[in-house]
Amino acid sequence: MAEWWFMEPDAFHAFIRELGERFMLYAPARRDGIVTFTFVENHEDVELSKRPFTSPKAAFLPQTEVLLKFSLRGERVHLSPAQRPESPIAVVGIRPCEAGALKLLDPVFSSPPEDVHYTLRRENALLVGFACTSPERWCFCTSLGSSPFDEDGLDVLLVEVSGGYCALAVTERGRRALEVVRDMLRKADEALLGEIEERRRQAERAMKTLDVERFIARLEDMGDDPIWEEIAARCIGCGICTYLCPTCYCFDIQDEAGLTSGRRVRVWDSCMYPEYTLEASGHNPRPKRVHRVKNRIYHKFRWYVDLFGLVGCVGCGRCAEHCPVNVDIKEIISEVVRR
Amino acid sequence: MIDEGRMREVARDLLASGEVDCVIGYARGSVWYRARPVAISDPDKVDMLIFNPFCMQNLATWLKFEMKENGGLQGKYGVVAKGCTARALIQMMQENGISTDDVYTIGVPCPGMVDPRKLGDDVLAMEDARVTLAGERVVVEGERRKVFSRDDVLHETCLLCRYPTPPLYDVLIGEGIEGRPAEDKNLAHLESLPAEERAKYWEDAFSRCIRCYACRNACPLCYCDGCALECLDPQWVYRSVEVSENTLYHLIRAYHLTGRCVECGSCEFSCPADVPLMELNRKMARDVERMFNYVPGMDPKAKPLLGAYDPRDPEGFIL
Ligand code: SF4
Ligand code: SF4
Ligand code: SF4
Ligand code: SF4
Ligand code: SF4
């Protein structure tokens, strides 16, 4: 049976500090008043209380990644490909839905041709999850097969309890990570186990379930429904919904070159931008916002399903929370299901 | 508070009589502290229109999407316009981006917009609530009732607003409000810092930017055909998201908006990364005002700043 360990705040800090010795720490930290996922140098900067506005996908798929540097030396062109990522990453404070999101990125980057930068980072990583004791109002992970205390895809799950945290070693890798601070842990007693259970129930109760299966089925014949025009009419095509989404993975590859040297970079791209589909001829197969709004939804809820047999959304709700014009995925799902 | 009934009546008449083809206004959001833009062409749908303290977006922006996607405006638009929205429309008229015949301005004197984040997580957690602005107070009534001081919860942009009433309108819903801008302490503080500290401040801010371009897209005055940022040859700004490119992006935008920005705050409101874009915009606006005695978006017949010449213009920087 899985075992829960109690750690006081001191032990928690020791744990993070130890992780920082062996991994590059990627965690929520406050930067000028705003909490964001970032590589942290100092373990004391880690702040779990607030869910960052960014998702942790950038640890594995950086927004900007240099693939290759090139330079002209006399008559010869010198190429130096980027080093393979060596240092393992520990993501601390990743939410259950976000761990689920990584499992959705995996098939994309491991199918041939395998993207070794991504897969190496993933294989070596340690995921220390943080259970959501108070889900955001935008969250709907329980409608997508996960839940606020879901341990699937994590190595360690942390739950905030009175007086500290409880930690569950989900995998062998997680167990070994906790081993380092073993002296500072004590087995969670009945009272603590009860508290965890109570918090889990409370968190799940706070969430309404949406009928995603029916939504997916309804999409089949909704391609021309006026609902897409209604949404597109207010969308400003900013791409916030895709950049903040933990499962969106589109990228562009561009050369940034000066006269004698330059580099090839991979940068995030977004299907919400008109240039995303603009062809060299000048033709754009998705010329209007309505085509792009529809693409985002259909990619996640139909085409990803067709490709990999999985739904391409984990219900974190970030796209709705941060959309400047309140395009709300939960509302879209319930509206379509209701019709 | 704005008489929503009157606003709807005006919109209904405009659509029913064929005076306008479409009304751009605000509708309720999916949660009580959000509002959303809506375009209505059916007179029977005007009851969707609202005007509450969360109508932060500048609706003039939606004309640009019409122009870009349809190769120009398709008919005449009624636009629900706060002071800053009307000023954006006027600025577009000054620049011949739109003509006075393209829009019918449904002016609303704006009491200011509430920044939901300033209400605090416990208040935002309420399932439903109604928010009203009454004089100096902002009252939130939901499962609980909470009263805030206006100064504590309005967007900074709105606390500093000088023109809450449209300078120009076809109809005004209710009585005009006088602007009573607060002192711009943040800008004064920033200006007082030594250059290195200011540079550090902006470096931190710009390094948070994720280059989603929401600030540009939400801006009514970023309506250029072929934005400099999309130009690939030459590529003025690389897509790499790092502080140098981000800074370049923001400086280009700040310069392109100088003497044009109407300080609506739509850009900063849309930013997910809390980049204090308005401090940059206000700095440019105050400089323009001081040096050229010019305020954009006040008179459709006035020349745009860059198109105007006055022998008294300062030219201390020209060698
Ligand atoms: S965040 Fe909202 S406005 Fe921006 S592209 Fe996505 S749906 Fe459109
Ligand atoms: S589509 Fe929205 S809710 Fe779904 S995973 Fe992406 S950001 Fe989260
Ligand atoms: S959707 Fe919300 S509650 Fe569920 S795991 Fe993600 S952050 Fe937690
Ligand atoms: S730059 Fe910002 S404040 Fe100025 S007009 Fe554009 S959106 Fe409004
Ligand atoms: S909206 Fe914010 S994050 Fe997006 S490009 Fe503008 S400043 Fe950067």
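In the block above lies the structure referred to throughout.
Residues numbered from 1 in each chain as written. Chains lettered and ligands numbered in written order. Predicted model: local features only at pLDDT ≥ 70, side-chain atom pairs only at ≥ 80, totals over all residues. Heavy atoms only, no water.

Draft legend 1. Inspection of the overall build of chain A at higher detail. The secondary structure content of chain A amounts to 11 helices and 12 strands. Relative to a compact globule of 339 residues, whose C-alpha radius of gyration would be 20 Å, chain A shows 22 Å and is just as compact. Principal axes of the C-alpha set define a box for chain A whose edges measure 65 × 65 × 40 Å. Burial status across chain A gives 55% buried among its 339 residues. Pairs at least 24 residues apart make up 72% of the contacts formed inside chain A by residues separated by at least 6 positions. Within the structure as shown, chain A displays about 15400 Å² of accessible surface, and the carbon and sulfur contribution to it stands at 49%. For chain A, the distance from the average position of its 45 positive side-chain charges to the average position of its 52 negative side-chain charges is 3 Å. (Helix = DSSP H or I, 4+ residues; strand = E, 2+ residues; numbered from the N terminus. Rg over C-alpha atoms; globule rule 2.2 N^0.38 Å. Buried < 20%, exposed > 50% of the residue type's maximum accessible area, 1.4 Å probe, protein only. Contact = heavy atoms within 4.5 Å. Areas by Shrake-Rupley, 256 points an atom, 1.4 Å probe, with all protein chains shown as cover. Lys, Arg positive; Asp, Glu negative; His and termini not counted. Charge placed at Lys NZ, Arg CZ, Asp CG, Glu CD.)

Draft legend 2. Just the site of ligand 4, in detail. Taken together, 13 residues surround ligand 4, and among them Cys219, Cys261, Cys264, Gly265 and Cys267 of chain B come closest. Within the residue set of the shell around ligand 4, elements represented by two or more residues are α10 (243-257), α11 (266-270) and α12 (277-292) of chain B. (Near = heavy atom within 4 Å.)

Draft legend 3. Seen up close, the pattern of salt bridges. Residues and elements named next belong to chain B. By the definition in use, this model includes 52 salt bridges over all chains. Taking the shortest distance from any N to any O, the salt bridge between Lys200 and Asp204 comes out at 2.8 Å. Here Lys200 and its partner Asp204 are both found in helix α8 (residues 195-208), four residues apart, which amounts to about one turn of the helix. On the accessibility criterion, Asp204 (22% relative accessible area) is partly exposed. (Salt bridge = Lys/Arg side-chain N within 4 Å of Asp/Glu carboxyl O.)

Draft legend 4. Summary view of the packing of aromatic side chains. Inspection of every chain in the model, using the stated rule, returns 22 aromatic pairs over all chains. Judged by centre distance (4.7 Å) and plane angle (70 degrees), the ring pair of Tyr26 of chain A and Phe39 of chain A falls under edge-to-face. Separated by 13 residues along the polypeptide, Tyr26 of chain A in strand β2 (residues 24-31) and Phe39 of chain A in strand β3 (residues 34-39) bring together distant segments of the chain. Overall, the relative accessible area of 5% leaves Tyr26 of chain A in the buried class. With a centroid separation of 6.2 Å and 70 degrees between ring planes, the pair formed by Trp32 of chain B and Phe54 of chain B is classed as edge-to-face. (Phe/Tyr/Trp six-rings, centres within 6.5 Å; stacked < 30°, edge-to-face > 60°.)

Draft legend 5. Region of interest: the site of ligand 1. Near ligand 1 you find Cys235, Ile236, Gly237, Cys238, Gly239, Ile240, Cys241, Met272, Cys323, Pro324, Val325 and Val327 of chain A, and these make up its full shell. When the residues that make up the shell around ligand 1 are grouped by side-chain class, the tally is 10 nonpolar, two polar and no charged. (Nonpolar A, V, L, I, M, F, W, Y, C, P; charged D, E, K, R; others polar.)

Draft legend 6. Region of interest: the nonpolar core. Core analysis: the largest hydrophobic core is formed by 178 residues, its most contacted members being Trp228 and Phe301 of chain A together with Trp32, Phe51 and Leu119 of chain B. Among the elements that make up this core, the one with the highest residue count is helix α2 (residues 96-110) of chain A (seven residues). Formed by 28 residues, the second largest nonpolar core is a distinct cluster that contains Phe12, Ala14, Leu19 and Ala27 of chain A. (Core = buried A, V, L, I, M, F, W, Y, C linked by side-chain atoms within 4.5 Å.)

Draft legend 7. Seen up close, the sheet that holds strand β4 (residues 64-73) of chain A. Residues and elements named next belong to chain A. Spatially, four strands are ordered β5-β4-β12-β11 in an open sheet, and the strand pairing comes out antiparallel. Taken across any chain shown, the strands that pair with only one partner, and hence form the sheet edges, are β5 (76-81) and β11 (251-257). Going from strand to strand, the sheet's axes swing by 20 degrees on average, the running direction of each strand aside. Looking at chain direction, β4 and strand β12 (residues 261-268) are connected through seven bridges and run antiparallel. Of the residues in β12, the one forming a bridge with Glu65 is Arg266. (Pairing = 2+ DSSP bridges. Axes fitted to C-alpha atoms, helices over the stretch in contact; angles between N-to-C directions.)

Draft legend 8. Looking closely at the pairing of strand β8 (residues 145-149) of chain B. Residues and elements named next belong to chain B. Direction of pairing for strand β7 (residues 137-142) relative to β8: antiparallel, over a ladder of five bridges. Paired with Val139 across the bridge in β8 is Val147. The turn joining β7 and β8, which pair antiparallel and follow one another in sequence, is formed by two residues.

Draft legend 9. Focus on the sheet that holds strand β6 (residues 129-134) of chain B. Residue and element names in this part refer to chain B. Within the open sheet, the three strands sit side by side as β6-β7-β8. Their pairing is antiparallel. At either margin of the open sheet sits one strand with a lone partner, and together these are β6 and β8. For this sheet the average axis-to-axis angle between neighbouring strands, irrespective of direction, equals 15 degrees.

Draft legend 10. Quick peek at the environment of Val66 of chain A. Tracing the backbone through its elements, the reader meets Val66 of chain A in strand β4. You can call Val66 of chain A partly exposed: its relative accessible area is 26%.

Draft legend 11. Geometry of the packing of helix α7 (residues 226-234) of chain A against helix α9 (residues 289-308) of chain A. All names here are of chain A. Remark: α7 packs on α9, axes separated minimally by 8 Å, with the N-to-C direction vectors making an angle of 110 degrees. Classified by the interaxial angle, the pair formed by α7 and α9 is roughly perpendicular. For α7 against α9, the interelement crossing comes out right-handed. Facing α7, whose interface residues are Trp228, Glu229, Ile231, Ala232, Ala233 and Arg234, α9 presents Arg289, Val290, Val293, Lys294, Ile297 and Tyr298. In terms of residue class, the contact of α7 with α9 is made up of eight nonpolar, no polar and four charged. (Parallel < 35°, antiparallel > 145°, perpendicular 65-115°, else oblique. Left-handed = near helix turned anticlockwise from the far one by under 90°.)

Draft legend 12. Representation of unusual backbone geometry in the model. Here the residue pair Pro112 of chain A and Pro113 of chain A is connected by a cis peptide bond, since its omega of -5 degrees sits within 30 degrees of zero. Along the chain, Pro113 of chain A falls in the loop between α2 and α3 (116-124). Looking along the chain, the bond that leaves Asp233 of chain B and enters Pro234 of chain B is cis, with omega of 0 degrees. Looking at the secondary structure, you find Pro234 of chain B in the loop between α9 (214-218) and α10.

Draft legend 13. Just the state of the cysteines, in detail. By the definition in use, this model includes zero disulfides over all chains. Between Cys166 of chain A, a free cysteine, and Cys132 of chain A, which holds the nearest cysteine sulfur, the sulfur-to-sulfur gap is 16 Å. (Disulfide = S-S within 2.5 Å.)

Draft legend 14. Quick peek at α12 of chain B. Residues and elements named next belong to chain B. Taking 1.5 Å per residue, 16 residues should reach 22 Å; α12 reaches 22 Å between its end C-alpha atoms and fits that length. Taken together, the buried positions of α12 are occupied by Leu277, Met278, Glu279, Leu280, Asn281, Arg282, Met284, Ala285, Asp287 and Val288. Considering only its buried residues, α12 is in contact with α6 (156-159), α7 (185-192), α8, α9, α10 and α11. Phi turns positive one or two residues past the end of α12, at Asn293, with a value near 50 degrees. (Expected span 1.5 Å × (residues − 1).)

Draft legend 15. Expanded view of the packing of α2 of chain A against α3 of chain A. Residue and element names in this part refer to chain A. Relative to each other, α2 and α3 sit at 140 degrees, their axes nearing to 9 Å. The angle between the axes of α2 and α3 places the two elements in the oblique class. Crossing of α2 over α3 shows left-handed handedness. From α2, Leu102, Lys103, Leu105, Asp106, Phe109 and Ser110 reach across to α3, where they touch Tyr118, Thr119 and Arg122. Residue classes in the contact of α2 with α3 are distributed as four nonpolar, two polar and three charged.

Draft legend 16. Quick peek at the environment of Ile333 of chain A. Residues and elements named next belong to chain A. By secondary structure assignment, the location of Ile333 is in helix α11 (residues 329-338). Counting along the chain gives 234 residues from Ile333 to Ala99, while the straight-line C-alpha distance between them is 23 Å. Each residue touching Ile333, except ones within four places of it in the same chain, is listed here: Phe140, Leu210, Phe215 and Phe301.

Keep in mind these values describe shape, not function.
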